[in-house]
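# An overview of the molecular structure
The residues making up each chain are set out below.
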Amino acid sequence: MRSEPMMKLELITVGRSCVDLYGEQIGGRLEDMASFGKYVGGSPTNTAIGAARLGLRSAVLTRVGNDHMGRFIREQLVREGVATRGVLTDRDRLTALVLLGIRDPETFPLIFYRDDCADMALCEADVDPAFIATADAVLVNGTHLSQRGVFAASMAAAHMMHEGGGRVVFDVDFRPVLWGLTPRDMGENRFVADFAVTATMQQVLPLVDLVVGTEQEIHILGGSLDTLVALAAIRRLTAAPIVVKRAAAGSVVVEGDSPARLEDACVVPGYPVEVFNALGAGDAFMAGFLRGWLRGKTLATSAAWGNACGALVVSRHGCAPAMPGWDELRGFLARKSWPYRLRQDRDLEQQHWIAHRARRYDTLTVLAVDHRTQFDEMVRMSGPDARGRVASFKMLVLRATDRLAAGDRSFGVLLDGGDGARALEAAADLPYWTGRPIEVAGSRPLRFESGLDPAVTLRGWPVTQVVKCLVYYRMDDADDLRAMQDRQLVRLFEACRATRHELLLEVIVSAHGDVAPDTTARVLDHLYGLGIHPDWWKLEPAEDHATWNRIAAVIDTHDPACQGVLLLGLSAAPAVLLERFEVAAAYPIVKGFAVGRTIWHTVATQWLDGAIDEDAAMRQITANFQVLVEAWRTARARSLPAVAGG
């Protein structure tokens, strides 16, 4: 067990933790998939992520391999806010993988790669009583009763929670292939009757406070193909509420005596939405149900929340990434009608995007060295020998950033994929915010790199890279120019959402006309009206409060969850920027800056000419960057002390 502070938890889920590789082509055979989306998977891990997004303090007890996929799971759980104290590293086994496809609304092929995998090596010795005691409830599931070691671990966790006065949740989670009841290529098969499985699962029932399963899972748990007979058998072994998931029909909650008809129990209706992907819906139901049940809501309300979470997930690609957030769930429940294809609802998808964000920032200070035409000009002035040194200079800038930041995640870099490619690759191993430009430098109307559709380009970018796009835009531009730029920006925004990249939109209004207090705000309002919701804005450092008041009001109206505004530098003198910082720091939506030439231009000229060595260049860049960072933090502390201190 990892040595971390014992935070108070509401839920620990026990069991599978794997990587899902989801076929991205819909409607074809798994044999014909050409590419896959990579997500965290495994029923209890999905539930823990869903619970965390809904506001529960959750953790997972599992094992992952000492491999790339194991590290991915751990890192993603941290990003999702799931405690990882119980995520143990198995140095002898690999992390499990699952290949999945979406063939049609009824067919979802699955192949489990789980032979001697890490999570199935979980054993009783891995269950720390002190860890279990930190939680209000523990969730165990049927798959982790299928082999001796994981059976002992699950039962130990259940006994500890039960004896400590907490609550035990049993998710039946029956996968016949994982019990050896079907051929390995039949992972999508959800039911095979087997009395040995029934007898094994029933051993946990005297310990549980809640049972949740589909009708088929109730059949295997109760040992009968008749749902009512199965419920009666379960009831003889436990007094716990039994929740029967019935897909689009909703769910049924059975309390007390087993009913003569299902309709005599508490029937909670579902939602008539398109089933795009049924995988993961049950885990979402569990997360929604537990958000209510563990917080004292009635069983009926908890089931309604579970039904809603399931409806949202069946409309999307993936399991864990499809889980809704709390605001998203509340917004869905507050509506009286829903589109049949929920994923096509812009408001819901925007709320989902917000829930899916890895982190938010109070402050972000970025050193921008994504410039391209400026370096071309410097090479022209310094001579052709300087061309080969530009890439080295950009790596030097990254090293200077790391020297100053020293691991502080409120720092970042902007690097291009040309001369900055090696630095971009190195930045992947550092904890800083990283942005990358996609536009052809200086293009107006806007054009994208390589002349490709941005969705094609972004398929080759790591999802951790924020897409930066600079656009010269004014509301008094010619109609045809604005129309062309609007189309390009909409394409880019949709491409970023499809490829799961955050978008930073840099807007410059001063290059082609006079600027009034409402010039920038009008552009932002127009772009929001097109359905474009950038995660970040990068804007000119206005010197007056009138401009910032209008900008802040537009963002608050259209996207109060926006990550924020970064100030650009436009090669301004440090003294000018410091004055602008004092004005902008009064607005919480402004999170910091992304400045480049003010910090490194003179140093780059000297270094490319050979006038200074690498150490001197790094010292000067670090010092220049530090001046702006300290100035921003000082200005922020004076204007918004609570934000600066947080």
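Please refer to the structure placed before this passage.
Keep in mind that this is a model prediction, so the values were computed, not measured.

## Some remarks on the nonpolar core
Within the largest apolar cluster, 82 residues are counted, with the highest numbers of intra-cluster contacts made by Trp537, Trp548 and Ile621. Looking at this core, the element that brings in the most residues is helix α21 (residues 614-639), giving 9 residues. Ignoring any residue separated from it by four or fewer positions in sequence, one finds Ile621 in contact with Leu367, Phe393, Leu396, Val397, Ala400, Ile599, Trp600 and Val603. Residues Leu61, Leu88, Leu110 and Leu262 belong to the second largest nonpolar core, which totals 65 residues.

## Here we look at the packing of helix α1 (residues 43-53) against helix α8 (residues 281-293)
For the pair α1 and α8, the least separation of the axes is 8 Å and the interaxial angle reads 45°. The pairing of α1 with α8 is recorded here as oblique in orientation. Considering the relative orientation of α1 and α8, their crossing is right-handed. From α1, Ser43, Asn46, Thr47, Gly50 and Ala51 reach across to α8, where they touch Asp283, Met286 and Ala287.

## Focus: the pairing of strand β10 (residues 210-214)
Among the 5 residues of β10, 4 are classified as buried, and the element is accordingly described as predominantly covered. Direction of pairing for strand β9 (residues 167-171) relative to β10: parallel, over a ladder of 3 bridges. Within the sheet, the bridge partner assigned to Asp171 lies in β10 and is Val212. In the classification by handedness, the crossover that spans β9, the intervening helix α5 (residues 195-202) and the parallel β10 is right-handed. As judged from the 4 bridges shared by β10 and strand β11 (residues 242-245), these two strands associate in the parallel manner. Bridge pairing in β11 links Val212 to Val243.

## Considerations on the pattern of salt bridges
A side chain with one charge may pair with a side chain of the opposite charge, provided their charged atoms come close. Following the criterion strictly, the structure yields 42 salt bridges and no others. With a closest N to O distance of 2.9 Å, Arg261 and Asp264 form a salt bridge. Judged by relative accessible area, which is 47%, Arg261 ranks as partly exposed. Between Asp453 and Arg491 there is a salt bridge, with its nearest N and O atoms 3.0 Å apart. Of this pair, Asp453 sits in the loop between β16 (433-437) and α15 (454-458) while Arg491 is found in helix α16 (residues 479-499), placing the two residues 38 residues apart along the sequence. Using a relative accessible area of 32% as the deciding quantity, one classes Asp453 as partly exposed. A cluster of three or more residues bridged by salt bridges with shared partners is formed by Asp370, Arg372, Glu439, Glu449, Lys468, Glu506 and Lys538.

Each value, and the rule that gives it
Residues numbered from 1 in each chain as written. Predicted model: local features only at pLDDT ≥ 70, side-chain atom pairs only at ≥ 80, totals over all residues. Heavy atoms only, no water. Core = buried A, V, L, I, M, F, W, Y, C linked by side-chain atoms within 4.5 Å. Buried < 20%, exposed > 50% of the residue type's maximum accessible area, 1.4 Å probe, protein only. Helix = DSSP H or I, 4+ residues; strand = E, 2+ residues; numbered from the N terminus. Contact = heavy atoms within 4.5 Å. Axes fitted to C-alpha atoms, helices over the stretch in contact; angles between N-to-C directions. Parallel < 35°, antiparallel > 145°, perpendicular 65-115°, else oblique. Left-handed = near helix turned anticlockwise from the far one by under 90°. Pairing = 2+ DSSP bridges. Right-handed = clockwise from strand over helix to strand, strands pointing away. Salt bridge = Lys/Arg side-chain N within 4 Å of Asp/Glu carboxyl O.

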